[in-house]
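# Remarks on the overall topology
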Amino acid sequence: MENEKCHLCSENCVHEETISRISELMPDEDALYDVASLFKIFGDATRIRIMFILFTDEMCVCDIAKSLDMTQSAISHQLRILKQARLVKSRRSGKTIFYSLADAHVKGIFYQAMEHILEKR
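The rules behind these values
Residues numbered from 1 in each chain as written. Predicted model: local features only at pLDDT ≥ 70, side-chain atom pairs only at ≥ 80, totals over all residues. Heavy atoms only, no water. 1 Å grid on protein atoms, 1.4 Å probe; cavity = no way out; pocket = protein on both sides within 12 Å on 5 of 7 lines; lining within 4 Å. Points joined across faces, edges and corners; volume = space filled by probe spheres on them. Helix = DSSP H or I, 4+ residues; strand = E, 2+ residues; numbered from the N terminus. Nonpolar A, V, L, I, M, F, W, Y, C, P; charged D, E, K, R; others polar. Phe/Tyr/Trp six-rings, centres within 6.5 Å; stacked < 30°, edge-to-face > 60°. Buried < 20%, exposed > 50% of the residue type's maximum accessible area, 1.4 Å probe, protein only. Core = buried A, V, L, I, M, F, W, Y, C linked by side-chain atoms within 4.5 Å. Contact = heavy atoms within 4.5 Å.

### Here's the deal with the layout of surface pockets
By volume, the largest pocket amounts to about 240 Å³. Contributing to the lining of the largest pocket are Asp 34, Ser 37, Leu 38, Ile 41, Ala 85, Arg 86, Leu 87, Asp 103, His 105, Val 106 and Ile 109. Only helix H3 (29–41) and helix H7 (104–119) provide two or more residues apiece to the lining of the largest pocket. With four residues, H3 is the single largest residue contributor to the lining of the largest pocket. Looking at the lining of the largest pocket residue by residue, the classes come out as six nonpolar, two polar and three charged.

See below:
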């Protein structure tokens, strides 16, 4: 019960300027839903492990599977999810498909998350 009181205002007042400014900046519900969906994709440890590998270099499914000691089928399934979320991209070289992080934004998100976690240790 003590912790709940910490989150309550001691005075019941509304700061109209702040509310107005935030209302103007607030993205629409679809955009917020898309952000929440993106974070759900990051919520799987296997996908994070794959992204960690791809942060450094592009790799094919065989190499990712070997690196993570998983089946190619399991890796392929996770790559499909990451690709649908536009977090990874692929390129074909002969019969081999190489995967990499989609762009600098994805690298930035991943790097910032890793930096945040590692600074706490």
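### Here's the deal with the packing of aromatic side chains
One pass over the full model with this rule turns up three aromatic pairs. Considering the side-chain rings of Phe 52 and Phe 110, the 6.4 Å spacing of their centres and the 55 degrees angle between planes classify their relative orientation as tilted. Within this pair, whereas Phe 52 is found in helix H4 (residues 45–56), its partner Phe 110 is found in helix H7, the two being separated by 58 residues in sequence. Phe 52 sits in the partly exposed class, given a relative accessible area of 46%. Measuring from centroid to centroid gives 5.7 Å for Phe 55 and Phe 110, while their planes differ by 40 degrees, and the two rings are tilted. Residue Phe 55 is located in helix H4, and its partner Phe 110 is located in helix H7; the two are separated by 55 residues in the primary sequence. Among the aromatic residues, those joined into a ring-pair cluster are Phe 52, Phe 55, Phe 110 and Tyr 111.

### Here we look at the nonpolar core
Counting 22 residues, the largest nonpolar core has Ile 50, Leu 54, Ile 64, Ile 75 and Leu 79 as its most contacted members. Counting residues per element, the ones that place at least two in this core are H4, helix H5 (61–68), helix H6 (72–84), strand E3 (96–101) and H7. In this structure, Ile 64 is in contact with Ile 50, Leu 54, Met 59, Ile 75 and Leu 79, ignoring residues within four places of it in sequence.

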